[in-house]
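Letter by letter, the chains look like this.
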Amino acid sequence: MDLNKLVHQNQTIKIIPSLEDSLRGLGLNSDLDEETEIWFNQLKIKWKTWKKSPTIERHFDSFFQFCQDPFRVALVCIVKCDEPKDRKPKSLSYCILEIIFKWSQTNGRLPEETLKLPAYNIATQQRNQHFLYLAVKTYQLYTIKETVLPLVKDMIRNDNCKQASQIVIAMELFDEIPVEDLLFPLVLQDTPNLIDEYLSESPNQIQPFLLFLDRLLDKNFSIRDYAQKFIEENKIYNVKYDKIHYKPLGKLVARLCNKFNVPIESCKNLSKNRTTGGLRYLIHQRYVEHNLSPSVWDDLVKDSLKQSTDCAKEFVDMLAMYDINESLKWSSYFEISNDCLPHALQNLTIKDNPIEEENWDSTDNAAQNYYRLPISEENILIIDTAEKFDELISKLSNCPIISFDCEWKPSFGAAKSRMALIQIGTFDQVYLIDTLILNNKQYMGSWCRFNKYVLDNAEIIKLGFGVEQDLNEMKSLIIGLNNIKVKGEGLLDLGLLWKNLVKCGLSLPSNSDNGGNSLSSLVQTCFGLPLEKSEQCSNWELRPLRNTQIHYAALDAFVLLEIYKYLQNLCVEQHINFEEICNDVMLDRKLKCLKKNKVVDCLQTTKNIKVRTPMDVKILLEHDNAHLRYYLRYCGIDTTITTSHMLWHDTIKLATSENRLILTSKLKFSPSSRFSQNFILDIGKGSIKDQLLKILKHFNVGLQKNYILTRCIECNSTDVKYYSINDLKDICRKYNGGSHKSSDQIRRSASDNEDDNDYSENFLSDSEGEDIHLYKPFPIQDKWYTSSSGAKINMNQIEKLCASNKTSHICENCGKLYCDEEPLLKSIHEVIMSITNFN
């Protein structure tokens, strides 16, 4: 073959030698004599029939009797096999290596030194890691570490850290390769499995690697600058830049600490960052959300900073932005010198300005604003001895339905919190199990009985909210509960039940103005009042518990039973099969819609709401439903659209700020307590007619003839005016009088005024308007007229209307013309008229 014909005159060509040629260059004789060639051909034939079997082993026994250099012949046969890049354990090449290894171990034979480097090359030029490990053991490649080490470093420099890590593990080169040089590229490429595998094989490298990563978490150190320099110097590709940040890197360090049982407190920067983040959260809860009482605030600040006093100054700095007096109080408590305080606090003293605060410890506080515990204090029992616990297990084993919840101290710093309390509710009492006392090896038998007779008893329905999370915490933190199931028969999550009931057509009270997916949101939906959450983040490890803590813990468990009864009664009233849906939730079965909303049901849910006019309603459409904007605007309804990349919580914020209702094609729940779940409608995947009917009935909108076409369906403006024949002729006279712009000016103006026409191909449903051509915007031509309001009106269309003696509506904002014969307007008109009783 003439290579000159394959390339152009100024091109170069690189010829890569075959594996056999490369091995010859390393001194390996890759030729087989005649007898060995015959033996190898017979081996390949037998392999196709018998694979790995006694027949193959006997074939090898005959080979060992006459072969003088079996190690060399084995290498050559491996190269000549048909699977050079994928030597899996079931392949012939792997079988040859495995048999030669067993033979060498049985007969005490060692390979020649000249075969080790060729064996290394063969092992590293394929994809199977087990083959590499077996080749290292068979040919004792760990004896040529000095030769292999530069090759491994070249792999790292050439961005091949995956294979380099495998070779380091196989040949035990841990001490010769700095752990950060090998694993940090894997961090940048987000390959955690390879990192875990490497550290599992090299326990001595865990601590140095974690300390290296922890140094990067110093807030005074720029991770991005260091990583960018490292990437450029080592020529690393496929970098996941979103992972080069304090938060994802901190999560990686925490996960590795947990996986390899390394105390998180040994990573000082991670601990400091977590403590600082926790304190920032406490400040937000105290001064923005107003969810922390003074006692809870003091307890958590002291507990967070007792193990990390280095964060005290940063905490005082953050707090000074919200409360100068409180900041000075804590600077005095932690004995921070005046020179170390921020300038705003230096030389200041706490003002003697006492503020009368609420009595947060009083159970009567804010009784009108929050849902209260309906049982008396005598019905709340604290279980803190083995005798009480065993007696409780006996009682619970006879209860058909119970509720449970757990409490633990917020873990803002390094140390993981303990399970502090487990609440068990029945219909007449609440039991608070003090796990700080009972979570001990001596009570393991009681916990096993608790699991057997209560948790694992499918005859008892255990109600919870976020059941799986609570049970996972119990599983990991309670001695004797490490084998409990976290979902299945008998475990009913009310959060999931709530969502499934709504999907099946359950109508919730129309006056429940709340949102979110929390237990407090569900309580407000059912009973009109939310839960008081000031003790949610309190220090549950303090003893004795405050009265407010006891009432909060008891209410969190007991209210689950109240919700269960309420939803059950509501389903009976609305003819929904409550028990079947409960079973579906517990068994994680695919939801069956047991009830379809009927018109009478929709009317019942809206009978107390005043009928709205189109001007009273403002709609926010999700991007997938953008085609509906034409129909809603045609009816006079103010309608806007989200962008395709907008997140759900941003959609809620936009709807809240503009007082809009949200239409979505998939059921979603409001994440904000300020935005009612009733303001979100799942319109489904039906025809446009069905979707419009659903929207109008759900929000109780009455269409009126005088609102039709009062809003531009393109730009959403209400500046749409009716133009008679005389009005249109008047425009023609003005235009012909010379008041128009040049062609170039008009083109630029028209192009600047284009609207979001990218959705127009979706304005028709599957069932309506199939014979109508898709609407296309008017072509931009030279003949344009500028109205007194600045709108650009297409004169070609005006002249056509004048010639045919037809009237039109014109948007004074964007210049869009609407006449009865337009395909878009005609199809919309037909759909709207089909759902109204006016012409």
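Just so you know, these numbers come straight off a predicted model, no measurement behind them. (Residues numbered from 1 in each chain as written. Predicted model: local features only at pLDDT ≥ 70, side-chain atom pairs only at ≥ 80, totals over all residues. Heavy atoms only, no water.)

**Some remarks on the overall build of the protein chain**
- In terms of helices and strands, the protein chain carries 34 helices and 15 strands.
- By the burial criterion, 50% of the 839 residues in the protein chain qualify as buried.
- If you take every contact in the protein chain between residues at least 6 apart in sequence, the share linking residues at least 24 apart comes to 67%.
- With the model as given, the accessible surface of the protein chain reaches about 43,600 Å², and the carbon-plus-sulfur share is 48%. (Helix = DSSP H or I, 4+ residues; strand = E, 2+ residues; numbered from the N terminus. Buried < 20%, exposed > 50% of the residue type's maximum accessible area, 1.4 Å probe, protein only. Contact = heavy atoms within 4.5 Å. Areas by Shrake-Rupley, 256 points an atom, 1.4 Å probe, with all protein chains shown as cover.)

**Notes on the sheet that holds strand S1 (residues 380-383)**
- One open sheet holds the 6 strands; their spatial order is S1-S4-S3-S2-S5-S6, and the pairing between them is mixed. The sheet is open, and its two edges are formed by S1 and strand S6 (491-493), each paired on a single side. With direction set aside, neighbouring strand axes in the sheet form an average angle of 25°.
- Bridge count for strand S2 (residues 401-408) against strand S5 (residues 461-464) is 3 bridges, and the pairing is parallel. Across the sheet, residue Ile402 finds its bridge partner in S5, namely Lys462.
- Across the sheet, helix H22 (residues 467-477) is in contact with S2, strand S3 (419-425), S5 and S6; its angle to S2 comes to roughly 65°.
- Sitting on the sheet, helix H23 (residues 494-503) touches S5 and S6, and the angle it makes with S6 is about 60°. (Pairing = 2+ DSSP bridges. Axes fitted to C-alpha atoms, helices over the stretch in contact; angles between N-to-C directions.)

**Thoughts on the pairing of strand S9 (residues 661-664)**
- Going residue by residue along S9, you find Leu661 and Leu663 tucked away on one face and Ile662 and Thr664 tucked away on the opposite face as well.
- Where strand S7 (residues 618-621) and S9 come together, 3 bridges link them in parallel fashion. If you follow Leu621 over to S9, its bridge partner there is Leu663.
- Pairing between S9 and strand S10 (residues 680-682): 3 bridges, direction parallel. In the sheet register, Thr664 faces S10, and the bridge partner there is Asp682.

**Brief notes about the environment of Thr276**
- Along the chain, Thr276 turns up in helix H15 (residues 268-287).
- In this structure the C-alpha to C-alpha distance between Thr276 and Asp310, which are 34 residues apart in sequence, comes to 9.9 Å.
- Apart from the residues lying within four places of it in its own chain, the contact partners of Thr276 are Cys311, Glu314 and Met318.

**Considering helix H10 (residues 179-188)**
- The buried fraction of H10 is high, at 8 of 10 residues.
- All buried positions along H10 are accounted for by Val179, Leu182, Leu183, Phe184, Pro185, Leu186, Val187 and Leu188.
- The elements touched by buried residues of H10 are helix H8 (145-157), helix H9 (161-171), helix H11 (192-201), helix H12 (206-216), helix H13 (223-234) and helix H14 (246-259).
- In the segment just after H10, Asp190 is the residue with positive phi, at about 55°.

**Comments concerning the nonpolar core**
- One finds Ile96, Phe209 and Leu213 to be the most contacted residues of the largest nonpolar core, which totals 94 residues.
- No other element matches helix H5 (residues 92-107), which puts 9 residues into this core.
- Discounting chain neighbours no more than four positions away, the residues touching Ile96 are Phe40, Leu43, Phe60, Ala74, Cys77, Ile78 and Cys81.
- Counting residues in hydrophobic clusters, the runner-up holds 46 residues, among them Leu373, Leu501, Val559 and Met586. (Core = buried A, V, L, I, M, F, W, Y, C linked by side-chain atoms within 4.5 Å.)

**Points about unusual backbone geometry**
- Here Arg543 and Pro544 are connected by a cis peptide whose omega angle stands at 0°.
- Its place among the elements puts Pro544 in the loop between helix H24 (519-527) and helix H25 (547-573).
- Backbone geometry at Asp190 places phi at a positive 55°, although glycine is not the residue there.
- With respect to the element layout, Asp190 can be found in the loop between H10 and H11.

**Comments concerning the pattern of salt bridges**
- Counted by the stated rule, this structure contains 21 salt bridges.
- Close ionic contact of Lys52 with Glu98 constitutes a salt bridge, the shortest N to O distance being 2.5 Å. In this pair, Lys52 is assigned in the loop between helix H2 (34-50) and helix H3 (54-66) and Glu98 in helix H5, connecting sequence segments 46 residues apart.
- Lys388 is the partner of Asp384 in a salt bridge, and the nearest nitrogen-oxygen pair spans 3.4 Å.
- The class of Asp384 is partly exposed, set by a relative accessible area of 28%.
- Counted as one network, the salt bridges with shared partners bring together Asp303, Lys409, Arg418 and Glu541. (Salt bridge = Lys/Arg side-chain N within 4 Å of Asp/Glu carboxyl O.)

**As for H2**
- In this model, H2 (17 residues) spans 24 Å end to end at C-alpha, consistent with the 24 Å of a helix rising 1.5 Å per residue.
- If you check which residues of H2 are buried, you get Thr36, Trp39, Phe40, Leu43 and Trp47. Along the axis of H2, the buried positions cluster into a sector of 100°, meaning they face one direction only. Facing away from the buried side of H2, by more than 90 degrees, are the exposed residues Glu34, Ile45, Lys48 and Thr49. (Expected span 1.5 Å × (residues − 1). Arc of directions from axis to C-beta.)

**Notes on a nonpolar patch on the surface**
- Residues Val288, Met321 and Tyr322 make up a contiguous nonpolar surface patch of roughly 340 Å² in combined accessible area.
- Structurally, the position occupied by Met321 is in the loop between helix H17 (312-320) and helix H18 (324-333). (Patch = residues over 30% accessible without salt bridge, like charges linked within 9 Å, V, L, I, M, F, W, Y side chains within 5 Å.)

**Let's talk about the confidence of the model for the protein chain**
- Of all residues in the protein chain, 85% have pLDDT values of 70 or greater, and the mean over the chain is 82.
- Here helix H27 (residues 599-605) stands out as the element of the protein chain with the lowest mean pLDDT, 39, in contrast to strand S4 (residues 430-434), whose mean of 97 is the highest.
- Below a pLDDT of 50 lies the segment residues 352-367, which in the model reaches 18 contacts outside its immediate sequence neighbourhood of four places, other chains included.
- When the criterion is pLDDT under 50, residues 739-781 qualifies, and its contacts beyond four places in sequence or with other chains add up to 74 contacts. (pLDDT = per-residue confidence, 0-100.)

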